[in-house]
Amino acid sequence: PLVSIIIVTYNSSKYVIETLESAKCQSYKNIELIVTDDCSIDNTIEICANWIQKNKDNFVNVELVSNETNTGIAANCNRGIAKAKGEWLKFIAGDDILMENCILDNLSFAEVNNDAKFITSKMQKIDEDSELMDFQDSIYNAYEEYYFNKPALKQIKIYARLPLFLNSPAFFIKKEAIISAGYFDEEFKI
């Protein structure tokens, strides 16, 4: 299936090249790339436009969406969804990096669990130099271990009560699911 990687940017000039490169280097290749910017005041748009011009042939489709006013993360994500043609959506911020097999791993899981519409996975934290951090927070690790060892329905109940360890870069969402939910609620800026 076609996967839409939606990169949500706002003043992301320092890291966005690494983010874009991680999308390009995916082992799975049936990908469209959408970069949606929320009125950056740095040169994020220029950097993305130049990179896209040089790398667009690595994707099925590429879109660069910019907004003239800052509207918040939810509205920025919704602009990406409106442009997306993929069956699956992968949202990341302009300072996130995808592991090389990220999309392939998510699709492999979806193939085995064909009723899945929202998939989340573990992630690794990096510092401002893109170096892996040794994340030893025992409470975080205990919740994560407890969570991932439960069946999907139990995970939903746990997450509804304790949403402290799942982060949006780990989300892989079927487009039809987010549309049927009514997109992201733009009353919440974050």
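Figured I'd write up the structure that's included with this text. Throughout, residues of each chain are indexed from 1 in the direction in which the sequence is written. With the structure being a predicted model, the display of local features is reserved for residues of pLDDT at least 70 and the display and counting of side-chain atom pairs for 80 or more, all residues being used for whole-chain, interface and lining totals. Calculation of side-chain values draws on the structure's entire complement of heavy atoms; hydrogens and water are dropped beforehand.

Here the focus is unusual backbone geometry. Even without a glycine there, the phi angle at Asn11 is positive, about 50 degrees. Only runs of H or I of at least four residues qualify as helices and only runs of E of at least two qualify as strands under DSSP, and these elements are numbered from the N terminus. With respect to the helices and strands, the residue Asn11 is situated in the loop between strand E1 (3–9) and helix H1 (16–24). The exposure class assigned to Asn11 is partly exposed, which follows from its relative accessible area of 29%. One non-glycine residue with positive phi stands out, namely Cys39, at about 65 degrees. For every residue, the accessible area obtained with a 1.4 Å probe (protein chains only) is divided by the maximum for its type, and the residue is called buried under 20%, exposed over 50%, and partly exposed between those limits.

A few words on the environment of Ala116. Within the secondary structure, Ala116 is located in the loop between helix H4 (102–112) and strand E5 (118–120). Residue class for Ala116 comes out buried when judged on its relative accessible area of 13%. Through-space distance from the C-alpha of Ala116 to that of Phe172 is 9.9 Å; in sequence the pair is 56 residues apart. Apart from the residues within four sequence positions on either side, Ala116 is in contact with Trp88 and Lys174. Contact criterion: two residues are considered in contact whenever any of their non-hydrogen atoms come within 4.5 Å of each other.

Next up on the list: the nonpolar core. In plain words, nonpolar cores are sets of buried Ala, Val, Leu, Ile, Met, Phe, Trp, Tyr and Cys residues tied together by side-chain atoms within 4.5 Å. Counting residues in hydrophobic clusters, the biggest one holds 25 residues, and the most contacted among them are Ile5, Leu20, Leu33 and Ile103. For this core, the elements supplying multiple residues, two or more each, are E1, H1, strand E2 (31–37), helix H2 (44–55), strand E4 (88–93) and H4. In this structure Leu20 touches Ile7, Leu33, Val35, Cys48 and Trp51, once residues within four positions along its chain are discounted. Formed by 12 residues, the second largest nonpolar core is a distinct cluster that contains Ile6, Val65, Ile173 and Ile178.

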